[in-house]
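# Structural features, examined
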Amino acid sequence: MRLHHLPLLALVLGATAKHNPAPILPDSLSNELLYLHRHLVEISSITGSELKVEHWLSSYLERQDFSVELQEVSKDRYNIYAYSGEKRATPVLVSSHIDTVPPFWPYYHNKTTDVIGGRGSVDAKGSVAAQIVAVQSLPQNIRENVALLYVVGEETGGDGMRAFSSWDERPEPAHKAVVFGEPTEGKLVCGHKGILGLTIHVQGKAAHSGYPWLGLSANDILSEALSELLKLRDGGLPSSKHYGNTTVNFGKIEGGVAANVVAETASAKLAVRLGGGTPKEVYDLIVKSLANVKAAAQEAGGDLTIERESEGYPPVNIDCDVEGFKRMTVNYGTDVPLLSGDHKRYLYGPGTIFVAHSDHEALEKKELEQAVRDYRTLIVAAVRDTAKAQEVEEL
Ligand SMILES: *[C@@H]1O[C@H](CO)[C@@H](O)[C@H](O)[C@H]1NC(C)=O
Ligand SMILES: *[C@@H]1O[C@H](CO)[C@@H](O)[C@H](O)[C@H]1NC(C)=O
């Protein structure tokens, strides 16, 4: 049961209940949650430098009687895989990431407002702490069916989750359901947009700006290319009812060296968020829209090339069939599509994405507490569901 059923109770109990609402979690669990969350946020773990928080978290999990395994992703960077029973390959996996975006912001807990902040407090250490406390507080017959996976590198392309997908010691048989943690405002996410990362490189020819005909301005060519893309993104890219329009962000533009020099090189980094179609389709549309600019550049002795940062992925449908949750779709990318295999997948977490990468990243204590209850609901539903699917005894 979710807490918004409680106003009825508050009505019955009168004014005192309003000032002292029934606790979301018992004190012992709430304290454990805040302790775990505080330690995770206090230790900086910007992508690439996750080692210290991994040490702390893996010894915490060992103290809690989990079996803990580390998977090396790259030098001094490890995914943490943990389980609490005999089974290493559990039907249900609960996962999130332990890296954060830069810069580090220290932890704080305002006891007056019960607002808790700091880098990672929302994205995604709020999810990590709530997931672990949720699993800890489940009965053993459920808990032994659940493993935990905390990956590195989510914020910069997901090398941690990719490494887990291709791990030669990946638990077999594969998990049947996976609960992912990212800030979703406590709602169940039914899907998110796809992504495609591109860099446009332009090669020109340097010259004195007083004699521009002696050179070929890479900046001019890039400007023409971007103006084609502005036209293309105004209705020329795939969309869908569910995920809306494909958007193109010109995230970083560079070119030239000085005002009085014809630019020799220029580049633009683009993040394309797919509302429909596939990365291949969108890539082809972009290539086509820039074909004339490219041909003209080549004819003049320069060039324009389009580099794909990675495979990308199309919009991602996510299961949201558990009762009692509000639902939504989101526009940000996650590790969800990077975990290979055929499994049900859920995406849920405390806090809002709108503060996640900001200098005021924070959430309320009650959001964290509610997340523990919601994760328990999701995990229990997933364990029952996978047990039914496998026709093993009813839990
Ligand atoms: C807590 O938040 C309140 C309300 O915003 C503010 O007045 C107070 O100064 C804060 N306390 C601390 C210790 O920052
Ligand atoms: C999607 O793109 C179309 C065409 O450019 C535009 O009319 C519409 O307002 C856009 N929808 C949203 C939600 O931005």
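Residues numbered from 1 in each chain as written. Chains lettered and ligands numbered in written order. Predicted model: local features only at pLDDT ≥ 70, side-chain atom pairs only at ≥ 80, totals over all residues. Heavy atoms only, no water.

## Describing the overall build of the protein chain
- The number of helices and strands found in the protein chain is twelve helices and 18 strands.
- The C-alpha extent of the protein chain, read off along each of the three principal axes, is 80 × 50 × 45 Å.
- Among the 395 residues that make up the protein chain, the fraction classed as buried is 50%.
- As displayed, the protein chain offers around 18,500 Å² of accessible surface, 52% of which is attributable to carbon and sulfur atoms.
- Counting 39 positive and 51 negative side-chain charges, the protein chain places the centres of these two groups 4 Å from one another. (Helix = DSSP H or I, 4+ residues; strand = E, 2+ residues; numbered from the N terminus. Buried < 20%, exposed > 50% of the residue type's maximum accessible area, 1.4 Å probe, protein only. Areas by Shrake-Rupley, 256 points an atom, 1.4 Å probe, with all protein chains shown as cover. Lys, Arg positive; Asp, Glu negative; His and termini not counted. Charge placed at Lys NZ, Arg CZ, Asp CG, Glu CD.)

## Thoughts on the state of the cysteines
- Applying the stated criterion across every chain, the model contains one disulfide.
- Paired through a disulfide, Cys-190 and Cys-320 show a sulfur-sulfur distance of 2.1 Å. Taking the sign of the torsion about the S-S bond as the criterion, the disulfide between Cys-190 and Cys-320, at about 110°, is right-handed. Of the two residues, Cys-190 is situated in strand S8 (residues 188–192) and Cys-320 in the loop between strand S15 (316–317) and strand S16 (327–330); the sequence distance between them amounts to 130 residues. In this structure, Cys-190 and Cys-320 share a single accessibility class: buried. (Disulfide = S-S within 2.5 Å.)

## Examining the packing of helix H3 (residues 27–42) against helix H5 (residues 125–136)
- Where H3 meets H5, the closest approach of the two axes is 9 Å, and the angle between their N-to-C directions is 145°. For the element pair H3 and H5, the recorded crossing hand is right-handed. Contact residues: Leu-29, Glu-32, Leu-33, Leu-36, His-37, Leu-40 and Val-41 in H3; Lys-125, Gly-126, Val-128, Ala-129, Ala-130, Ile-132, Val-133 and Gln-136 in H5. (Axes fitted to C-alpha atoms, helices over the stretch in contact; angles between N-to-C directions. Left-handed = near helix turned anticlockwise from the far one by under 90°. Contact = heavy atoms within 4.5 Å.)

## Here's the deal with helix H4 (residues 51–63)
- Between its terminal C-alpha atoms H4 stretches 18 Å, which fits the 18 Å expected from 13 residues at 1.5 Å a residue.
- Within the sequence span of H4, burial applies to Val-53, Glu-54, Trp-56, Leu-57, Ser-58, Tyr-60 and Leu-61. (Expected span 1.5 Å × (residues − 1).)

## What about the side chain of His-109?
- Along the chain, His-109 turns up in strand S4 (residues 108–110).
- If sequence neighbours within four positions are ignored, His-109 has contacts with Leu-34, Asp-114, Val-115, Ile-116 and Lys-365.

## Observations concerning H5
- An ideal rise of 1.5 Å per residue puts 16 Å on twelve residues; H5 measures up with 16 Å between its terminal C-alpha atoms.
- Most of H5 sits inside the fold, with twelve of its twelve residues counted as buried.
- Taken as a whole, H5 has its buried residues at Lys-125, Gly-126, Ser-127, Val-128, Ala-129, Ala-130, Gln-131, Ile-132, Val-133, Ala-134, Val-135 and Gln-136.

## Thoughts on the site of ligand 2
- Around ligand 2, the structure places Asp-234, Gly-235 and Asn-245.
- Within the side chain of Asp-234, a nitrogen or oxygen atom sits 2.9 Å from an oxygen atom of ligand 2.
- A distance of 2.3 Å is found between an oxygen atom of ligand 2 and a side-chain nitrogen or oxygen belonging to Asn-245. (Near = heavy atom within 4 Å. Polar contact = N/O pair within 3.5 Å; in protein donor to acceptor, adjacent residues only side chain to side chain.)

## With respect to the UniProt feature "domain: Peptidase M20 dimerisation" (unreviewed entry) in the protein chain
- Taking the UniProt record as the reference, the feature "domain: Peptidase M20 dimerisation" (unreviewed entry) is found at residues 191–293.
- Taken end to end, residues 191–293 is 29% helix and 34% strand, and its first and last C-alpha atoms sit 36 Å apart. (UniProt positions renumbered as here; feature names shortened; annotations may be inferred.)

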